[in-house]
Amino acid sequence: MIKDRLIVALDVPSLKEAEKLVKTLSPAVNIFKVGKELFTSAGPDVVKMIHAKKKKVFLDLKFHDIPNTVGSACEAAAKLGVFMLNVHVSGGRAMLYAAAQSVAKGSRGRKTKAPILLGVTVLTSMTEEDLKETGVKKKVQDQVRDLAKLAQNCGLDGVVASGQEIELIRKATSPSFIIVTPGVRPLWAAHGDQKRIVTPVQAMQKGAHFIVVGRPITQSTDPCKAARDILEEINRQ
Ligand code: C5P
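Cut-offs and rules
- Numbering of residues begins from 1 in every chain and follows the order in which that chain's sequence is written.
- In view of the model being predicted, local features appear only for residues whose pLDDT reaches at least 70, and side-chain atom pairs are presented and counted only at 80 or more, with totals across whole chains, interfaces and linings using the full set of residues.
- With hydrogens and water stripped out, all remaining heavy atoms of the structure feed into the side-chain values.
- Secondary structure elements are defined from DSSP: runs of H or I of at least 4 residues count as helices, runs of E of at least 2 residues count as strands, and each element is numbered from the N terminus.
- Note on contacts: a residue pair qualifies if any of its non-hydrogen atoms lie within 4.5 Å across the two residues.
- By convention in these notes, a salt bridge is any Lys or Arg side-chain nitrogen within 4 Å of a carboxyl oxygen on Asp or Glu.
- Per-residue accessibility, obtained with a 1.4 Å probe over protein chains only, is compared with the maximum for each type, and a residue is labelled buried under 20%, exposed over 50%, and partly exposed between these values.
- Neighbouring residues are identified by heavy atoms, a residue being near a molecule or strand if any of them is within 4 Å of it.
- A 3.5 Å cut-off defines polar contacts: any pair of N or O atoms within that distance qualifies, except that in protein one atom must be a possible hydrogen donor and the other a possible acceptor, and neighbouring residues in sequence count only when both atoms are side-chain atoms.
- Working definition of accessibility: Shrake-Rupley area with a 1.4 Å probe, residue cover restricted to the visible protein chains.
- Here a cavity is any set of points on a 1 Å grid over the protein atoms alone where a 1.4 Å probe fits but cannot get out, and a pocket is any open set with protein on both sides within 12 Å along at least 5 of 7 lines; a residue lines the site when it has an atom within 4 Å of a point.
- Whether a molecule sits in a cavity or pocket is decided by its atoms, more than half of which must lie within 2 Å of the grid points.

Enquirer: Go over the environment of V136, please, and point to the residues and values.
Expert: For V136, the position within the fold is in the loop between α6 (128-133) and α7 (140-153). Between the C-alpha atoms of V136 and A28, which are 108 residues apart in sequence, the distance is 42 Å. Setting aside its immediate chain neighbours within four residues, V136 contacts L131 and Q143.

Shown next, in the form of structure tokens:
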């Protein structure tokens, strides 16, 4: 179902505001992304609030640390029963193995499925120049492709990728490797600070399994209608 491929980013600072949005969007949206700002201010209560409303959580905390620490964090996230979570692929092979094993361990004995474990390749805010300064002398796209392959190799279920990277990752990985694409903009929405954008329809056509949409929905005067309009746009294709 198309509805199960739309993720709405809850980029708000408090539990109260998040709850208001989830309530408003409930008729149209099944998955909500909780990022660093909201989780840092509201903690696991925000995950529990979303679950209480029978909705799913993408816990977007992009873990990146030594394998033992990331493993423990992933196990804790799996125990919270989230639907999806992510780590930085640049944390390396041992960290990725620890993440994958710990997600499985944290999910043991739970009624819900194990969370989808995603990798973040190169942050879309980074240029080739930025990469070079961190010691990576590759083109951004080559680094994205190589990190996506490493993620798959280490047992991750997929990656977060911009609209520009979907096809390149699709070619380098197996069809079941999940691609989650943020920064998508319907033609009727303001672009905000997102520069290289694709529409929801284009993202799906290129091979994204899920799209993440924030402000075009959450800052709309009628968020539920905005979400429905996006779903309709996709359904028409
Ligand atoms: O409001 P907007 O639709 O731009 O929100 C997109 C969401 O996806 C935000 O939570 C943002 O942090 C996240 N994101 C992104 N671009 C990336 C990775 C994540 O916009 N490359």
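Having put the structure on the table, let's press on.
Enquirer: Could you give an account of the pattern of salt bridges, naming the residues involved and the relevant values?
Expert: A full pass over the atoms with the stated rule returns 11 salt bridges. Residue D142 is joined to R145 by a salt bridge in which the shortest nitrogen-to-oxygen separation is 3.4 Å. Of the two residues, D142 and R145 are both situated in helix α7; the distance of three residues between them amounts to about one turn of the helix. For R145, a relative accessible area of 26% gives the class partly exposed. Measuring nitrogen to oxygen at the nearest pair gives 3.2 Å for the salt bridge that ties E167 to K206. Residue E167 is located in helix α8 (residues 166-172), and its partner K206 is located in helix α9 (residues 200-206); the two are separated by 39 residues in the primary sequence. Ionic contacts of the salt-bridge type, sharing partners, join the residues K138, D142, R145 and D146 into one network.

Enquirer: Mind laying out the site of the ligand, listing which residues take part and the relevant values?
Expert: Neighbouring the ligand are A9, D11, K33, T124, P182, R185, Q194, V212, V213, G214, R215 and P216. Side-chain polar atom of D11 to an oxygen atom of the ligand: 2.7 Å apart, as the coordinates give it. R185 places a polar side-chain atom, nitrogen or oxygen, 2.7 Å from an oxygen atom of the ligand. Burial of the ligand by the surrounding chains reaches 80%, relative to a free accessible area of 460 Å². According to the grid-proximity analysis, the pocket containing the ligand is the largest pocket. Counting residues per element, the ones that place at least two in the shell around the ligand are β8 (210-213) and α10 (215-218).

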